[in-house]
Amino acid sequence: KMRGDGEWGGNVELYAASRVYRRSIRIYSSIMGVWMIDYEDDGGEKKTGNGSNRGGCEEEGGALLLSHHDGDHYNSVHPINKSSNSKQ
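What counts, and at which threshold
- Every chain begins its residue count from 1, and numbering advances along the sequence as written.
- In view of the model being predicted, local features appear only for residues whose pLDDT reaches at least 70, and side-chain atom pairs are presented and counted only at 80 or more, with totals across whole chains, interfaces and linings using the full set of residues.
- Derived side-chain values reflect all non-hydrogen atoms in the structure, with water molecules and hydrogen atoms excluded from consideration.
- Joining through side-chain atoms within 4.5 Å is the link that ties buried Ala, Val, Leu, Ile, Met, Phe, Trp, Tyr and Cys residues into a set, and such a set is a nonpolar core.
- Buried residues are those whose accessible area, probed at 1.4 Å on protein chains only, stays under 20% of the maximum for their type, while exposed residues exceed 50% and partly exposed ones sit between those limits.
- Residues count as neighbours in contact if any of their non-hydrogen atoms are within 4.5 Å of one another.
- Two strands qualify as a pair provided that DSSP identifies no fewer than 2 bridges between them.
- Put simply, DSSP H or I for four residues or longer makes a helix, DSSP E for two residues or longer makes a strand, and each gets a number counted from the N terminus.
- Every angle, taken between N-to-C directions, lies between 0 and 180 degrees, and every axis is a line fitted to C-alpha atoms, over only the stretch in contact when it is a helix.

Draft legend 1. Here's a closer look at the nonpolar core. Listed in full, the 5 residues of the largest apolar core are L14, I25, I27, I37 and L66. Not counting the four nearest positions on each side in its chain, L66 is found in contact with L14, I25, R26, I27, Y28, Y74, N75, S76 and V77.

Right, dumping it as structure tokens:
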């Protein structure tokens, strides 16, 4: 049910999604700044979404990116690809 458009979740669902999908979640907020929900792999090693896949949700294992606004709303966000915006 949660996969469908129009469904909602909060912090508990974000932590669960991080564990189920084995991905860190980076959340951007104009009020609270940037924070991470990290997950631990099967060996108990903390994965932060930093490093070579720093926040790149397009890369395997990169952090999922969300915005948080109006106190209780989350949206997915994607990095701006500067090369796609340039006219050649």
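Draft legend 2. Local environment of the sheet that holds strand β1 (residues 25-29). On the basis of which strands lie adjacent, the open sheet formed by 4 strands has the order β2-β1-β5-β6 and mixed pairing. On the outer flanks of this sheet lie β2 (33-37) and β6 (73-76), each paired with one strand and no other. Here the strands of the sheet are splayed against their neighbours by 30° on average, with no regard to which way each runs. Both β1 and β2 contribute to a ladder of 5 bridges, which runs antiparallel. Residue R26 lies in a different strand from β2, and its bridge partner there is M36.

So, to be careful, I would describe these as geometric facts and stop short of saying anything about function.
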